[in-house]
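# Geometric and topological summary
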Amino acid sequence: MAIVELHDRCPWCGARIDLTLDENAPEDDLLEECPHCGRPVDVQLRLDGNGCPVDVEIRRDDGSSG
Ligand SMILES: [Zn+2]
């Protein structure tokens with residue numbers, strides 16, 4: 001099973017976020033929670049044809065009601 005480890009910064013508090021995704025993770029949209037501030041972050045992961053990550057973008061999860 002392919003395991004993808006991602007390291008980026010929280011768009012809210014700037015703390016480092018470590019994500020571990022397996023190959024079963026959806027490619028287009030993920031919703032994670034920052035372990036530091038608890039705010040939702042939207043993770044967009046792009047994979048190539050072999051399932052290798054070619055680009056990742058982490059941004060604030062906006063537009064949700066609440
Ligand atoms: Zn945070």
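Look above for the structure.
Okay, so let's go over this structure.

Procedures and definitions
- Residues numbered from 1 in each chain as written.
- Predicted model: local features only at pLDDT ≥ 70, side-chain atom pairs only at ≥ 80, totals over all residues.
- Heavy atoms only, no water.
- Pairing = 2+ DSSP bridges.
- Helix = DSSP H or I, 4+ residues; strand = E, 2+ residues; numbered from the N terminus.
- Axes fitted to C-alpha atoms, helices over the stretch in contact; angles between N-to-C directions.

On to the sheet that holds strand E4 (residues 40–47), then. On the basis of which strands lie adjacent, the open sheet formed by 3 strands has the order E3-E4-E5 and antiparallel pairing. Each edge of the sheet is formed by a strand with only one pairing partner; in this case those strands are strand E3 (30–33) and strand E5 (53–60). Averaged over neighbouring strand pairs, the angle between their axes works out to 30 degrees when direction is ignored. Where E3 meets E4, 4 bridges bridge the pair, whose relative direction is antiparallel. The partner of Glu33 across the bridge, within E4, is Pro40.

What follows deals with the pairing of E4. Hairpin geometry of E3 and E4 is characterised by an intervening segment of 6 residues between the two adjacent antiparallel strands and by a positive phi of about 80 degrees at Gly38. With 7 bridges joining them, E4 and E5 adopt antiparallel strand pairing. Residue pairing for E5: Leu47 is matched across the bridge by Pro53. Connecting E4 to the antiparallel partner E5 that follows it, the hairpin turn spans 5 residues, and Gly51 within it adopts a positive phi of roughly 85 degrees.

The quantities given are spatial measurements derived from coordinates; they are silent on function.
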